[in-house]
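# Survey of secondary and tertiary structure
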Amino acid sequence: MTTSTDAPQQTAATAAELKERAAALVPLLRENAARTEADRRVAEENIVALTEAGLFRLTVPKRLGGHEADFRTFLEVTSELARGCGSTAWVTTLINVCNWMAALYPERTQQEVWGADPDARVCGVLAPSATSRAVEGGLVVTGRWGFASGSHHARWASLGIPVVDGTGQQTDQGAALIPMDELTVEDTWYVAGMRGTGSNTLVADEVFVPSHRILSVTRAVQGHYPTEHKDETLYRSAFVPVLALVLAGPQAGLAQAGMDVVTASLAKGRGISYTFYERADESPSTQIQLAEAAQLIDTARLHLMRAAEDIDTWAASETYMPFGTRARVRMDTGYVARRSREALDLLLSIQGAGSFAEASPLQRIWRDQETGSRHAVINPAIAGELYGRALLGIEEQVTPLI
C-alpha cells in the first residue's frame with residue numbers, strides 16, 4: 001500500500017490563487033459550453049484545464065497532494081466557473097464534494113483513492129438504491145444509481161447502499177466506495193437542462209466492497225467520521241449542510257452569467273421593440289429591472305456565504321454544528337436557488353423573446369438553472385418546512401438529512 005510520504009507532492013494553493021484560476025478558465029468554459037451541452041458531457045478540453053489548474057483537488061487532503069480548501073473557497077470557485085458553463089461547474093462541484101466524502105473514510109481507503117494520484121476523481125449518489133449481502137470482510141452489492149453527475153470523468157464512485165448483517169437484516173445506511181471499472185454506466189441522461197453533466201446511471205452486479213470502503217451515513221449525519229485525521233478541520237464539516245449547500249454555488253454563478261450576457265448586450269446599444277427607446281439602457285424600466293436582478297444576485301450570494309461561514313466556523317470549533325444551524329443552512333440553500341431564479345427571470349424579461357433563440361447563451365443558462373435548482377436536496381419548500389419545524393422546536397422532522 002502506498003503511504004502518505006510516497007504520494008506525489010504538490011503545493012496547496014491559497015484561496016486567492018484558486019479563485020484566480022477559476023476566473024481565468026471562464027472564457028474557455030464559455031467557448032465550450034454549447035459543445036458540452038451537445039455532447040452531453042463536459043468537453044475534454046475543460047476537464048484537462050480544470051485538472052491542470054488543480055480545481056478537482058479542492059477538497060483532497062493536503063497530505064495527499066490536495067488543497068484542502070474551506071467551503072467558502074469551494075463555493076467561490078464553483079460559482080465563478082458557472083459564469084462560463086453551468087454543466088462544467090456542476091460536475092466540478094459534485095466531484096469535489098464526493099472527494100470530500102472520500103476523505104471521511106479511513107486512511108487506508110484514502111490511500112487507495114489518492115495515494116498514487118492526487119487528481120483521482122470521485123463521483124457519487126447518496127440514495128441507497130441497491131441490495132447488499134454480507135460476506136466475510138464486507139458486502140456484495142447489486143444496484144442501480146441514477147443521476148451520477150461527472151461519472152464520465154471519475155475513477156471512483158461513492159454509492160448509497162443498505163448495510164445488512166449475516167441474516168440479511170438492515171442495520172445501517174452506508175456509502176460504498178467502488179472503483180468505476182467495477183461498474184457499468186448506462187446512458188440515461190436526456191434532459192432539458194444541465195445536459196453536459198453526463199448524470200447517467202451507474203450499475204453494480206454482485207460487486208464486493210470491503211468493510212473499510214463502507215461509510216456509515218447514519219453516523220456521518222451525526223458528525224461521526226472514520227478518518228483518523230481528526231486534526232484536519234475540513235473533514236470535521238457538517239455532513240448534510242455540506243452536501244446540500246455546495247449545490248447552490250452553481251445557482252448563484254448561473255444568475256451572474258445571465259447578468260454578464262444582458263449587460264454586454266445592453267452596452268451594444270440595442271433598442272426596445274415597439275417603443276420610442278432607441279437604446280434599452282436609457283429606459284427606466286430596464287434600469288430598475290437590472291438593479292433588482294443585481295440585488296437578488298447579491299442576496300443569494302450573501303446567504304450562500306453566510307451558510308459557508310457557518311460550516312467553516314463550526315468545523316474549526318471542533319464542535320459539531322447544532323441542529324438549528326444545520327436546518328438554517330438547508331433553508332439558505334433553497335433560498336439561494338429561489339433568488340437566483342428570480343434574478344434570471346428579470347434578466348430574461350430585459351432581454352426579451354430573443355433570450356430564447358438557440359443562438360443565445362441565455363436560453364442555455366436558463367435551462368441549466370431551472371434544472372439544477374430542482375435537485376431534491378435544494379427544494380426550497382421542503383427546506384422551509386424543516387427549518388420552520390426546527391424554529392418551533394418540533395422534534396418530528398420530514399427528513400433525516402439535516
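What counts, and where the lines are drawn
- Residues numbered from 1 in each chain as written.
- Predicted model: local features only at pLDDT ≥ 70, side-chain atom pairs only at ≥ 80, totals over all residues.
- Heavy atoms only, no water.
- Pairing = 2+ DSSP bridges.
- Helix = DSSP H or I, 4+ residues; strand = E, 2+ residues; numbered from the N terminus.
- Axes fitted to C-alpha atoms, helices over the stretch in contact; angles between N-to-C directions.
- Salt bridge = Lys/Arg side-chain N within 4 Å of Asp/Glu carboxyl O.
- Buried < 20%, exposed > 50% of the residue type's maximum accessible area, 1.4 Å probe, protein only.
- Patch = residues over 30% accessible without salt bridge, like charges linked within 9 Å, V, L, I, M, F, W, Y side chains within 5 Å.
- Areas by Shrake-Rupley, 256 points an atom, 1.4 Å probe, with all protein chains shown as cover.
- pLDDT = per-residue confidence, 0-100.
- Contact = heavy atoms within 4.5 Å.

## Regarding the sheet that holds strand β6 (residues 184-186)
Strand order across the open sheet formed by four strands is β2-β3-β7-β6, with antiparallel pairing between neighbours. With partners counted over all chains shown, the strands left at the sheet margins are β2 (130-135) and β6, one partner each. Taken pair by pair, the neighbouring strands of this sheet meet at an average axis angle of 15°, ignoring direction. The pairing of β2 with strand β3 (residues 138-148) spans six bridges and is classified as antiparallel. Pairing of Arg133 across the sheet is with Val140, part of β3.

## Topic: the pattern of salt bridges
Counted by the stated rule, this structure contains 21 salt bridges. The partner of Asp281 in a salt bridge is Arg279, with the nearest N and O atoms 2.8 Å apart. According to the relative accessible area criterion, Asp281 is partly exposed, its value standing at 25%. The shortest N-O distance in the salt bridge between Asp332 and Arg306 comes to 2.9 Å. Here Asp332 is found in helix α10 (residues 323-351), whereas its partner Arg306 is found in helix α9 (residues 284-317), with 26 residues between them in sequence. Residue Asp332 is classed as buried on the basis of its relative accessible area, which comes to 3%. Connected through shared salt-bridge partners, Lys19, Arg72, Glu76 and Arg301 make up one network.

## What about a nonpolar patch on the surface?
There is a patch of nonpolar side chains on the surface, built from Leu391, Leu392 and Ile394 and spanning about 330 Å² of accessible area. By the element assignment, Ile394 lies in the segment after α12 (380-392). With relative accessibility at 37%, the residue Ile394 sits in the partly exposed group.

## A short note on the pairing of strand β4 (residues 156-164)
Taking burial as the measure, the nine residues of β4 include nine buried ones, the bulk of the element. Of the two faces of β4, the one carrying Trp156, Ser158, Gly160, Pro162 and Val164 and the one carrying Ala157, Leu159, Ile161 and Val163 are both buried. Where strand β1 (residues 122-125) meets β4, four bridges bridge the pair, whose relative direction is parallel. Directly across from Gly124, in β4, lies its bridge partner Ser158. Alignment of β4 against strand β5 (residues 170-179), held across nine bridges, turns out to be antiparallel. For Ile161, the partnering residue across the bridge sits in β5 and is Gly174. A loop of five residues connects β4 with β5, the two strands running antiparallel in sequence, and Gly168 in this loop sits at a positive phi of about 90°.

## Some points on the confidence of the model for the protein chain
When pLDDT is averaged along the protein chain, the result is 96; 98% of the residues meet or exceed 70. Note on residues 1-8: pLDDT is under 50 here. Beyond four places in sequence and across chains, it has 20 contacts.

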